[in-house]
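Observations on the three-dimensional arrangement
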Amino acid sequence: MMDLKAIFRAGCVLRWHTNPDLATTGDRIDGHSARVARILIALHPSPSVSLLCHALIHDDGESAVGDVPAPAKDSTPELAEWLEVAEEAERRRLWSGAAGPDSGASLTDSDQLWLRFADRLDAFQWAAHHGPWVMSGDGWPEARGWLLATAYALDCYNSVARLVDGSGRGDVA
């Protein structure tokens, strides 16, 4: 039986809690995940149902361990590996029996790249919108470079370049 209360609560985890510039912006996992799915719908030429389902629940496992910041994961690979296992276990617990991403369908390498791209594009846009003063440091210039290079590889460069360079003013495509 699905634990709907736990599924609802999984979406309530706050993002950015360790970032003093963005901690109070109120970004919850459920809103972030919905924006990731919307980015995929806008930019991917034909997103699969499995990819969209993964987008919608990709961070639900953080309800068990919190939203650990990327710098902590980058500096401690063992922590990143442990968190990945713990988050996956919680995601499977929450969604066991659902006809979604944990029903046996795995993502292709291309879809994994699309998901990572949409996830990072949402984070970049959230930070640019809610804390534009941080965009010249804290890894954001490098994130911009990765986003543009990846957008080129995924054939959505023009839309993404307008967005991350500010001329899109919040438009995804």
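Everything numeric here is computed off the predicted structure, so don't read it as measured data.

1. A word on the state of the cysteines
Taken as a whole and judged by the stated rule, the model has zero disulfides. Cysteine cysteine 53 shares no disulfide, and the gap to the nearest cysteine sulfur, in cysteine 12, comes to 20 Å. Judged by relative accessible area, which is 21%, cysteine 53 ranks as partly exposed.

2. As for the packing of aromatic side chains
Considering all chains together, one arrives at five aromatic pairs under this definition. Note on tryptophan 114 and phenylalanine 117: the rings are 6.0 Å apart at their centroids and 85 degrees apart in plane angle, and the pair reads as edge-to-face. Here phenylalanine 117 and tryptophan 114 lie together in helix H7 (residues 109-130), a separation of three residues that amounts to about one turn. Note on phenylalanine 117: relative accessible area 0%, which makes it buried. In textbook terms, an aromatic cluster arises when at least three aromatic residues are bridged by ring pairs, as seen for Trp16, Phe124 and Trp140. Directly above the aromatic system of tryptophan 146 lies the positively charged group of arginine 120, at a separation of 4.4 Å from the ring centroid.

3. Here's the deal with helix H3 (residues 49-57)
All of the buried residues along H3 are Ser50, Leu51, Leu52, His54, Ala55 and Ile57. Those residues of H3 that are buried lie in contact with helix H2 (29-43), helix H6 (77-95) and H7.

4. Topic: H2
A rise of 1.5 Å per residue sets the reference length of H2, with its 15 residues, at 21 Å; its end C-alpha atoms lie 21 Å apart and thus fit the reference within 8%. Burial in H2 covers these residues: Ile29, His32, Ser33, Val36, Ala37, Ile39, Leu40 and Leu43. The buried residues of H2 occupy an angular sector of 155 degrees when projected down its axis, which confines them to one face. Residues of H2 that are exposed and angled more than 90 degrees away from the buried face: Arg38 and Ile41.

5. Side note on the confidence of the model for the protein
The predicted model of the protein averages 89 in pLDDT, with 90% of residues at 70 or higher. Per-element mean pLDDT across the protein ranges from 86 in helix H5 (residues 70-75) up to 97 in H2. Every residue in residues 167-173 is under pLDDT 50, and counting partners more than four places away or in other chains gives 15 contacts.

6. So, the pattern of salt bridges
Applying the stated criterion across every chain, the model contains nine salt bridges. Between aspartate 27 and arginine 15 there is a salt bridge; the shortest N-O distance is 2.9 Å. Remark: arginine 15 occurs in the loop between helix H1 (4-10) and H2 and aspartate 27 occurs in the loop between H1 and H2; sequence separation between them is twelve residues. Arginine 15 matches aspartate 27 in its accessibility class, with the two residues each being buried. For arginine 91, the salt bridge goes to glutamate 88, with nearest N and O atoms at 2.6 Å.

7. A closer look at the nonpolar core
Counting 32 residues, the largest nonpolar core has Leu40, Phe117, Leu121 and Val160 as the members making the most contacts within it. The set of elements that each furnish at least two residues to this core consists of H2, H3, H7, helix H8 (140-153) and helix H9 (157-164). Counting residues per element, this core draws most heavily on H7, which supplies nine residues. Not counting the four nearest positions on each side in its chain, phenylalanine 117 is found in contact with Leu43, Trp146, Leu147, Thr150, Ala151, Leu154, Cys156 and Val160.

Cut-off values and rules
Here, residues in each chain are numbered from 1, in the same order as that chain's written sequence. Residues qualify for local features only when their pLDDT is at least 70, as the model is predicted, and side-chain atom pairs are given and counted only at 80 or more; totals for whole chains, interfaces and linings, by contrast, use all residues. Based on all heavy atoms of the structure, the side-chain values leave hydrogens and waters out of the count. Two cysteine sulfur atoms make up a disulfide if the distance between them is within 2.5 Å. Throughout, exposure labels follow a simple rule: accessible area from a 1.4 Å probe, protein chains only, divided by the maximum for the residue type, with under 20% read as buried, over 50% as exposed, and the rest as partly exposed. Aromatic rings from Phe, Tyr and Trp, taking only the six-membered ring of Trp, are treated as a pair when their centres fall within 6.5 Å; an angle between ring planes under 30 degrees marks them as stacked, one over 60 as edge-to-face, and anything in between as tilted. The helix and strand labels rest on DSSP assignments: H or I over at least four residues marks a helix, E over at least two residues marks a strand, and numbering proceeds from the N terminus. Whether a charge sits over a ring depends on NZ of Lys or CZ of Arg being within 6 Å of the ring centre and within 35 degrees of the ring normal. Should any heavy atoms of two residues lie within 4.5 Å, those residues are considered in contact. By this rule the span expected of a helix is its residue count minus one, scaled by 1.5 Å. As used here, the arc belongs to the directions running from the helix axis to the C-beta atoms. Along the chain, pLDDT gives the predictor's confidence residue by residue, from 0 to 100. Basic side-chain nitrogens of Lys or Arg form a salt bridge, by our definition, when they fall within 4 Å of a carboxyl oxygen of Asp or Glu. We define a nonpolar core as any set of buried Ala, Val, Leu, Ile, Met, Phe, Trp, Tyr and Cys residues linked to one another through side-chain atoms lying within 4.5 Å.

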